[in-house]
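# Structural characterization, general
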Amino acid sequence: MNCIFCKIIAGEIPANLLLNTEDVVAFPDLNPQAPTHILIVPKIHVENAAELAEMQPNALAELFKAAKKLAIELNLPGYRTVFNTGEAAGQSVFHAHLHLLGGRALGWPPG
Ligand code: 5GP
Ligand code: ZN
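On a predicted model such as this, the values are computed, not experimentally measured, just so you know. In this convention, every chain numbers its residues from 1, walking through the sequence in written order. As a convention, the first chain written is A and the first ligand written is 1, with the rest following in written order. Reporting of local features is limited, given that this is a predicted model, to residues whose pLDDT is at least 70; pairs of side-chain atoms are given and counted only at 80 or more, and all residues count toward the totals for whole chains, interfaces and linings. Note: side-chain values were computed over all heavy atoms of the structure, leaving out hydrogens and water.

## Describing the overall build of the chain
Secondary structure elements are defined from DSSP: runs of H or I of at least 4 residues count as helices, runs of E of at least 2 residues count as strands, and each element is numbered from the N terminus. Helices and strands together make up the secondary structure of the chain, namely three helices and five strands. For the chain, the succession of helices and strands along the chain, N to C, is α-β-β-β-α-α-β-β. Across its three principal axes, the chain shows a C-alpha extent of roughly 40 × 30 × 25 Å. Remark: exposure states derive from per-residue accessible area (1.4 Å probe, protein chains only) relative to the maximum for the residue type, with buried under 20%, exposed over 50%, and partly exposed in between. Within the chain, buried positions represent 38% of all 111 residues. Contacts in the chain between residues far apart in sequence, at least 24 positions, make up 51% of those at least 6 positions apart. Accessibility throughout is a Shrake-Rupley quantity obtained with a 1.4 Å probe, and a residue counts as covered only by protein chains that appear here. When the accessible surface of the chain is split by element, carbon and sulfur atoms take 55% of a total near 6,600 Å². A distance of 10 Å separates the average location of the 7 positive side-chain charges in the chain from that of its 10 negative side-chain charges. Contacts between residues were defined by any pair of non-hydrogen atoms, one from each residue, lying within 4.5 Å. Here Asp and Glu are counted as negative and Lys and Arg as positive; His is not counted, and neither are the chain ends. All charge positions are set by atom: Lys at NZ, Arg at CZ, Asp at CG, Glu at CD.

Here you go:
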């Protein structure tokens with residue numbers, strides 16, 4: 001399967017792993033949109049968050065627990081977690097991943 005995140009999880013493509021648990025990895029986004037921009041990724045290959053909820057709901061919870069842990073470690077006063085689902089919403093990698101964004105004021109509504 002030609003999935004870039006599966007290759008990172010398998011160690012075939014290098015990434016700075018900030019977290020590596022039984023179900024989840026986290027690494028900095030290649031093209032950061034904020035001073036802190038981390039991708040938190042389930043090890044199971046599923047296309048999006050809804051599919052993860054169906055296939056492995058505990059891993060979905062693990063993603064949010066990882067976000068909290070990283071935000072505490074990085075002293076973020078607040079942070080945003082985002083799943084893009086579908087090309088129209090900006091999804092470009094079709095292996096589910098939670099964006100963790102912080103380190104600057106984040107506007108609302110998002111773009
Ligand atoms: P999406 O657009 O699917 O919500 O998010 C995919 C994210 O993956 C993008 O923010 C993009 O910058 C990031 N990305 C794509 N390829 C790589 C890669 O090889 N390494 C890392 N660290 N991030 C990547
Ligand atoms: Zn994958």
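## Some details on the coordination of the zinc ion (ligand 2)
Protein-derived ligands of the zinc ion (ligand 2) are Cys3 (SG), Cys6 (SG), His45 (ND1) and His95 (ND1), with the metal-ligand distances lying across 2.0 to 2.3 Å. Angles of 105 to 116° at the metal separate the four donor atoms of the zinc ion (ligand 2), which places the site in the tetrahedral class. Listed donors are limited to N, O and S atoms within 2.8 Å of the metal, widened to 3.2 Å for Na, K and Ca; water is not among them, so incomplete-looking sites are possible. Positions of the donor residues of the zinc ion (ligand 2) along the chain correspond to the pattern C-x2-C-x38-H-x49-H. In this pair, His45 sits in the loop between strand S3 (36-42) and helix H2 (49-55) while His95 sits in the loop between strand S4 (80-82) and strand S5 (98-102), placing the two residues 50 residues apart along the sequence. Overall, the relative accessible area of 30% leaves His45 in the partly exposed class. By relative accessible area, His95 is classed as buried at 0%. Only four donors with every angle between 85 and 135 degrees are called tetrahedral; only four or six donors with opposite donors over 155 degrees apart and all others between 65 and 115 are called square planar or octahedral, in that order; all others are irregular.

## A look at the sheet that holds S4
Taken in spatial order, the five strands make up an open sheet running S1-S2-S3-S5-S4, and their pairing is antiparallel. At either margin of the open sheet sits one strand with a lone partner, and together these are strand S1 (19-20) and S4. Where S1 lies against strand S2 (residues 24-28), two bridges are found, and the strand directions are antiparallel. Pairing of Asn20 across the sheet is with Val25, part of S2. Strand pairing is assigned whenever DSSP detects at least two bridges linking the two strands.

## A closer look at the site of ligand 1
Residues in contact with ligand 1 amount to 16 residues; listed here are only the nearest, Asp29, Gly90, Ser92, His97 and His99. A distance of 3.3 Å is found between a nitrogen atom of ligand 1 and a backbone nitrogen or oxygen belonging to Leu30. Here Asn84 contributes a side-chain N or O atom positioned 2.9 Å from an oxygen atom of ligand 1. Protein coverage of the free-state accessible area of ligand 1, which is 520 Å², stands at 83%. Of all the secondary-structure elements, those providing two or more residues to the shell around ligand 1 are helix H1 (4-9) and S2. The biggest single contributor to the shell around ligand 1 is H1, with three residues. In this classification, Asp, Glu, Lys and Arg are treated as charged, Ala, Val, Leu, Ile, Met, Phe, Trp, Tyr, Cys and Pro as nonpolar, and every other residue, Gly included, as polar. Split by residue class, the shell around ligand 1 holds eight nonpolar, seven polar and one charged. Note on definitions. A residue lies near a molecule or strand when any single heavy atom of the residue is within 4 Å of it. Here a polar contact means two N or O atoms within 3.5 Å. Within protein one must be a hydrogen donor candidate and the other an acceptor candidate, and residues neighboring in sequence count only if both atoms are side-chain atoms.

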